[in-house]
Amino acid sequence: MTAYLKQHWFSNLRGDVLAALVVALALIPEAIAFSIIAGVDPKVGLYASFCIAVITAFAGGRPAMISAATGAMALVMVTLVREHGLEYLLAATLLTGLLQIIFGLFKLGDLMRFVSRSVVTGFVNALAILIFLAQLPELSGQHGTALVYGMTALGLAIIYLFPYITKAIPSPLVCIVVLTALALYFGFDIRTVADMGELPDSLPVFLWPEVPLTWNTLVIIFPYALALAVVGILESLMTATIVDDLTDTSSDKNRECVGQGIANIGSGLIGGMAGCAMIGQSIINVKSGGRTRLSTLLAGVFLLILIVFLDAWVGLIPMAALVAIMIMVSIGTFSWSSVKDLRKNPKSSSVVMLATVVVTVFTHNLAYGVLVGVLFSALFFAAKVGKILYIGSSLSADGHQRDYQVVGQVFFTSAEQFVAAFDFKEAVEKVRIDLSRAHFWDITAISSLDKVVIKFRREGTEVELVGLNEASATLVDKFGVHNQPDAVEKLMGH
């Protein structure tokens with residue numbers, strides 16, 4: 001136990017504490033903004049961010065990953081809040097957590113192995129673009145003054161240049177302190193955190209959603225809860241994969257599903273909205289030196305302290321400082337090498353990556369982008385494997401028997417090619433089909449084998465199948481019809 005605590009909690013004390021402080025400060029405007037998107041009071045997002053971060057520190061499957069209220073989840077909630085109100089959102093949040101726990105228990109986290117590297121890259125690039133676009137309202141319109149641009153540029157300069165002086169203190173934290181001090185000293189008239197919304201002035205309390213426990217309530221909240229659960233798990237598992245790469249460590253994806261579920265139940269019980277992992281804050285945490293579960297726990301604890309006890313001071317932080325940090329995150333998140341590799345990589349990989357980016361950016365829904373990317377990956381893979389099929393043949397010396405050798409994979413994309421490779425009109429007494437180096441994967445493949453055998457028999461040719469492996473033979477025995485008396489009528493429809 002001592003060794004576990006030291007490794008996962010206390011092996012990086014100084015780095016975790018400082019990183020958590022930066023993350024907590026960066027979480028405040030984001031949580032307020034996401035609450036506004038969802039149409040709820042800012043404290044709903046702030047309390048959720050505190051609760052989710054603290055619980056996932058203990059129950060999550062990825063150390064140093066930050067989970068809180070997110071924009072992707074907020075977008076799903078909009079209609080529910082508008083049509084039914086906050087109480088139904090809290091009920092949906094509880095159901096979201098329950099569904100995510102079920103996902104984890106059924107080990108749906110293992111499905112991440114079906115997400116290709118191209119989809120992950122597209123996800124990262126799309127998120128980087130969305131993070132950058134989210135900062136534009138602070139840099140445009142009535143807020144986009146020359147002073148704001150100057151402060152943001154100064155913040156970026158501090159973030160990128162301060163590490164050359166020392167890496168003992170995270171440069172984003174220095175950026176916040178310096179820009180806040182300048183704004184106060186010179187009395188700059190620029191937007192601050194306090195302008196984003198009123199910060200809560202009390203600790204969260206236990207709340208049970210005041211909704212009727214009826215079938216009608218379940219009908220209302222279930223579609224939203226399911227959407228929230230899927231979006232949350234997708235974003236969390238993708239973020240975990242990215243942090244795995246950044247830290248060169250591994251994570252337990254199924255435990256992460258359960259951890260996110262427990263966290264969302266906790267959030268709903270204190271009046272918070274559903275949330276999930278945040279790639280931007282997770283990268284801030286890692287790049288600021290956070291490595292263990294302690295950084296996640298302290299991010300949540302510091303957030304609560306800042307918004308409840310130090311709200312007057314936190315409200316003075318200029319938004320330009322936080323915009324600079326998020327621009328740094330978007331620049332650091334984007335995979336610049338993927339642009340250079342577009343020509344070098346296979347066209348299919350590039351299409352998958354670009355499709356993921358385009359769908360995610362235009363819908364602002366990460367789940368849609370990942371879904372499209374995974375579908376494209378599956379289609380390209382099926383098309384590629386379907387081409388790995390060779391069928392050769394040889395005629396016996398007496399001209400009475402034709403031997404076919406089938407090599408490769410037979411399934412729905414290659415079934416037509418398989419049938420087309422045989423000459424059914426050739427005048428031979430017997431056909432011998434060697435399947436020892438072939439594999440039949442689905443009922444489409446079995447149907448194509450039935451078609452070949454029946455067509456030869458209809459021409460009066462004897463057919464012998466040899467070398468069928470055990471797995472393929474099992475499918476043929478279960479679904480094949482070529483040995484049944486009415487095989488021709490069943491397959492040919494006449």
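Residues numbered from 1 in each chain as written. Predicted model: local features only at pLDDT ≥ 70, side-chain atom pairs only at ≥ 80, totals over all residues. Heavy atoms only, no water.

Here we take up the overall build of the protein. When its secondary structure is counted, the protein shows 21 helices and six strands. Dimensions of the protein along its principal axes, counting C-alpha atoms only, are 100 × 55 × 55 Å. Here the protein holds 494 residues, and the buried ones make up 54% of them. When contacts within the protein are restricted to residue pairs at least 6 apart in sequence, long-range pairs at least 24 apart make up 83% of them. Element-wise, carbon and sulfur atoms account for 64% of the exposed surface of the protein, whose accessible area totals about 22700 Å². Within the protein, one finds 32 positive and 36 negative side-chain charges whose respective centroids are separated by 7 Å. (Helix = DSSP H or I, 4+ residues; strand = E, 2+ residues; numbered from the N terminus. Buried < 20%, exposed > 50% of the residue type's maximum accessible area, 1.4 Å probe, protein only. Contact = heavy atoms within 4.5 Å. Areas by Shrake-Rupley, 256 points an atom, 1.4 Å probe, with all protein chains shown as cover. Lys, Arg positive; Asp, Glu negative; His and termini not counted. Charge placed at Lys NZ, Arg CZ, Asp CG, Glu CD.)

Interaxial distance between helix 19 (residues 443–458) and helix 20 (residues 470–479) falls to 10 Å at its minimum, and their mutual angle equals 75°. Considered as vectors, helix 19 and helix 20 are oriented roughly perpendicular to each other. Seen from helix 19, the contacting residues are Ile443, Ile446, Leu449 and Asp450; seen from helix 20, they are Ser472, Leu475, Val476 and Phe479. Looking at side-chain class alone, the contact of helix 19 with helix 20 contains six nonpolar, one polar and one charged residues. (Axes fitted to C-alpha atoms, helices over the stretch in contact; angles between N-to-C directions. Parallel < 35°, antiparallel > 145°, perpendicular 65-115°, else oblique. Nonpolar A, V, L, I, M, F, W, Y, C, P; charged D, E, K, R; others polar.)

Take the packing of helix 3 (residues 42–59) against helix 10 (residues 253–268) next. Axis separation between helix 3 and helix 10 bottoms out at 8 Å; the angle between their running directions is 145°. For the pair helix 3 and helix 10, the crossing hand works out as right-handed. Touching Ala48, Cys51, Ile52, Ile55, Thr56, Phe58 and Ala59 of helix 3 are Arg255, Gly259, Gln260, Ile262, Ala263, Asn264, Gly266 and Ser267, all from helix 10. In terms of residue class, the contact of helix 3 with helix 10 is built from eight nonpolar, six polar and one charged. (Left-handed = near helix turned anticlockwise from the far one by under 90°.)

Turning our eyes to something else, we now look at the environment of Phe302. One can find Phe302 in helix 12 (residues 293–308). Spatially, the C-alpha atoms of Phe302 and Val230 are 29 Å apart, while their sequence positions differ by 72 residues.

It is worth spelling out the sheet that holds strand 5 (residues 430–440) at this point. On the basis of which strands lie adjacent, the open sheet formed by four strands has the order 3-4-5-6 and mixed pairing. The sheet is open, and its two borders are formed by strand 3 (389–395) and strand 6 (462–466), each paired with just one other strand. Averaged over all neighbouring strand pairs, the angle between strand axes comes to 15°, with direction disregarded. With seven bridges joining them, strand 3 and strand 4 (residues 401–410) adopt antiparallel strand pairing. Across the sheet, Tyr390 pairs through a bridge with Val407, a residue of strand 4. (Pairing = 2+ DSSP bridges.)

Let's shift gears to unusual backbone geometry. Residue Ala64 is not a glycine yet carries a positive backbone phi of 75°. Secondary-structure assignment places Ala64 in the loop between helix 3 and strand 1 (67–68).

In this section: the nonpolar core. Among the nonpolar cores identified, the biggest contains 116 residues, and Ile28, Met77, Phe123 and Met273 are the most heavily contacted of them. For this core, the leading source of residues is helix 2 (residues 13–38), giving 13 residues. Among all residues touching Met77, those that are not within four sequence positions of it are Ala38, Leu89, Leu228, Met273 and Ala274. (Core = buried A, V, L, I, M, F, W, Y, C linked by side-chain atoms within 4.5 Å.)

Another aspect to go through is helix 10. With 16 residues, helix 10 should reach 22 Å at 1.5 Å per residue; the first-to-last C-alpha distance of 23 Å fits that figure. The buried fraction of helix 10 amounts to twelve of the 16 residues, a majority that puts the element mostly inside the structure. Inspection of helix 10 places Lys253, Asn254, Glu256, Cys257, Gly259, Gln260, Gly261, Ala263, Asn264, Gly266, Ser267 and Gly268 among the buried residues, and these make up the whole buried set. In this structure Asp252 caps helix 10, since a side-chain oxygen of it lies 3.2 Å from the backbone nitrogen of Asn254. (Expected span 1.5 Å × (residues − 1). Polar contact = N/O pair within 3.5 Å; in protein donor to acceptor, adjacent residues only side chain to side chain.)

What follows is about the pattern of salt bridges. As enumerated under the stated definition, the model contains eight salt bridges in all. When the shortest N-O distance is used, the salt bridge between Asp341 and Lys344 registers 3.5 Å. Counted as one network, the salt bridges with shared partners bring together Arg62, Asp244 and Lys253. (Salt bridge = Lys/Arg side-chain N within 4 Å of Asp/Glu carboxyl O.)

Next up on the list: the packing of aromatic side chains. Enumeration according to the criterion identifies 13 aromatic pairs in this entry. For the pair Phe334 and Trp336, a centre-to-centre distance of 4.6 Å together with 50° between the ring planes defines the contact as tilted. The buried category is assigned to Phe334, whose relative accessible area is 18%. Judged by its relative accessible area of 56%, Trp336 falls in the exposed class. Ring centres 5.6 Å apart and planes at 90° place the aromatic pair Phe418 and Phe440 in the edge-to-face group. Of this pair, Phe418 sits in helix 18 (residues 415–420) while Phe440 sits in strand 5, and the two are 22 residues apart along the sequence. (Phe/Tyr/Trp six-rings, centres within 6.5 Å; stacked < 30°, edge-to-face > 60°.)

Now for helix 16 (residues 347–363). An α-helix turns once per 3.6 residues; consequently, residues spaced three or four apart project the same way. Taking 1.5 Å per residue, 17 residues should reach 24 Å; helix 16 reaches 24 Å between its end C-alpha atoms and fits that length. Taken together, the buried positions of helix 16 are occupied by Ser348, Ser350, Val352, Met353, Ala355, Thr356, Val357, Thr360 and Val361. The positive-phi residue at the C-terminal boundary of helix 16 is His364, with phi of around 55°.

Bringing the pairing of strand 4 into the picture now. In textbook terms, the turn of a hairpin is the stretch between consecutive antiparallel strands, and for strand 3 and strand 4 this stretch comprises five residues, one of which, Gly399, has a positive phi near 75°. Sheet topology note: the strand 4/strand 5 ladder contains nine bridges and is parallel. Counterpart to Gly408 in the pairing with strand 5 is Ala438. Following the backbone out of strand 4, through helix 18 and into the adjacent parallel strand 5, one traces a crossover that is right-handed. (Right-handed = clockwise from strand over helix to strand, strands pointing away.)

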